[in-house]
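Below, each chain spelled out in residue letters.
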Amino acid sequence: MAIARGYAATDASKPLTPFTFERREPNADDVVISIQYCGVCHSDIHQARNEWGNSHYPMVPGHEIVGTVTAVGSSVTKFKIGDHVGVGCFVDSCVGCAARDLDNEQYMPGLVQTYNDFEAAGKTPTYGGYSDSIVVKEGYVLSIPDNLPLDAAAPLLCAGITLYSPLRHWNAGPGMKVAILGMGGLGHMGVKLAHAMGADVTVLSQSLSKKEDGLRLGADHYYATSDAETFKALAGTFDLIICTVSAEIDWNAYLNLLKVNGSMVLVGVPEHSVPVHAFSLVPGRRSLAGSMIGSIKETQEMLDFCGEHNIVSEIEKINISEINEAYERVLKSDVRYRFVIDIASLKA
Ligand SMILES: [Zn+2]
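In short, a report on the structure.

Criteria and thresholds
Residues numbered from 1 in each chain as written. Predicted model: local features only at pLDDT ≥ 70, side-chain atom pairs only at ≥ 80, totals over all residues. Heavy atoms only, no water. 1 Å grid on protein atoms, 1.4 Å probe; cavity = no way out; pocket = protein on both sides within 12 Å on 5 of 7 lines; lining within 4 Å. Points joined across faces, edges and corners; volume = space filled by probe spheres on them. Helix = DSSP H or I, 4+ residues; strand = E, 2+ residues; numbered from the N terminus. Salt bridge = Lys/Arg side-chain N within 4 Å of Asp/Glu carboxyl O. Core = buried A, V, L, I, M, F, W, Y, C linked by side-chain atoms within 4.5 Å. Buried < 20%, exposed > 50% of the residue type's maximum accessible area, 1.4 Å probe, protein only. Pairing = 2+ DSSP bridges. Axes fitted to C-alpha atoms, helices over the stretch in contact; angles between N-to-C directions.

Let us look at the layout of surface pockets. Unoccupied space between atoms shows up once a probe the size of one water molecule is rolled over them. The volume enclosed by the second largest pocket comes to roughly 360 Å³. Every residue lining the second largest pocket is counted, 22 residues in all, and those nearest its centre are Arg24, Glu119, Thr124, Thr126 and Val135. At the level of secondary structure, the elements contributing two or more residues to the lining of the second largest pocket comprise β2 (17–23), β6 (90–92), β9 (125–126) and β10 (133–137). At four residues, the largest contribution of residues to the lining of the second largest pocket is made by β10.

Quick look at the structure:
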């Protein structure tokens, strides 16, 4: 067993504090990773604070992990010591299960989350990337293209794939009008990715305060949703709307911005259910759908796409001792656009 150092939540109402724990001995198919950076995802906060009601403590959050391989098991073929690698939201799935579908494994019941879960044997808790090392099966480790800076690449592992997967599934590309609803950690990745895919990209944000950033990152148009005129001007405009916000919004008003056959896809999860009127869908053969992260196969495809197009996240780097303050700022949307923890600060 190797000793790992990190930060953990010890119950729903306490701040994260330093925590020492054991990582398992690597098996033949495992990769040992020295973690260099870990992104801070809004779902880390939900789980650290037990807002989804399924939290186990102590919990080491973090599923936007990047680092360097320090050891590999005897049967590992894809990675070698020194490689730049990433780990996203899950570290195992239903291996050997007849229903395992490599294109859709993120939706399989046997999924093992990177933290706040138990490894396949059901005993050892999984601990995430707010720590200095992790041991992960080769099949769940991703290659980070050499040209991408590791710190800003970290958020690709969750925020990046969360937007890439629905953009690909709904065929974002030239001639398509795509709206990204929300200009935060997820939304700004959607702007960059949809632009690189060749779509005509519109940001729908509460105000115009981030307009300059949005246009710089690849948006063609930028509208404030606090302005009622926006909903008149854009009625029937979009092929695809990706909703990254988890606030309570009037979905009917947004569905009305879709063209005939258009789709609105939710990647954020509002706390309460929101009424949708059938008339928002039926007359335009419109769809309301959801999407969650992506498979390992698709996550690697996304990373390679980002390598080709030089896409990374816009980040604010923090020391791990600043994590509790960072959580408060995420809740106020006071970050441009993703916090990334410099894991070297654990040793300071
Ligand atoms: Zn996440």
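Once you've had a look at it, read on.
So, about the pattern of salt bridges. In the structure shown here, the tally under the stated rule is 19 salt bridges. Linked by salt bridges that have partners in common, Lys192, Asp213, Arg216, Glu314 and Arg336 make up one network.

Moving on: unusual backbone geometry. Peptide bonds are trans in most cases, and residues, glycine excluded, mostly fall at negative phi. With omega at -5 degrees, the peptide bond leading from Tyr57 into Pro58 counts as cis. Residue placement: Pro58 occurs in the loop between α1 (42–48) and β4 (65–72). With an omega of -5 degrees, the peptide bond between Arg336 and Tyr337 qualifies as cis. Mapped onto the secondary structure, Tyr337 falls in the loop between α9 (323–331) and β19 (338–342). In the Ramachandran plot, Asn310 falls in the positive-phi region, its phi being about 55 degrees despite a non-glycine side chain.

Formed by 92 residues in total, the largest nonpolar core has its most connected members in Tyr130, Leu167 and Ile323. Counting 17 residues, the second-largest nonpolar core is a separate cluster that includes Phe238, Ile241, Ile249 and Leu266.

This part takes up the sheet that holds strand β13 (residues 200–205). Reading across from one edge, β14-β13-β12-β15-β16-β17 is the order of the six strands in this open sheet, with parallel pairing throughout. Either end of the sheet is taken by a strand with one partner, and the two such strands are β14 (221–224) and β17 (287–290). Strand-to-strand twist across the sheet, computed as the mean angle between neighbouring axes with direction ignored, equals 20 degrees. As paired strands, β13 and β14 are joined by four bridges and run parallel to one another. Counted as the bridge partner of Leu204 is Tyr223 from β14.

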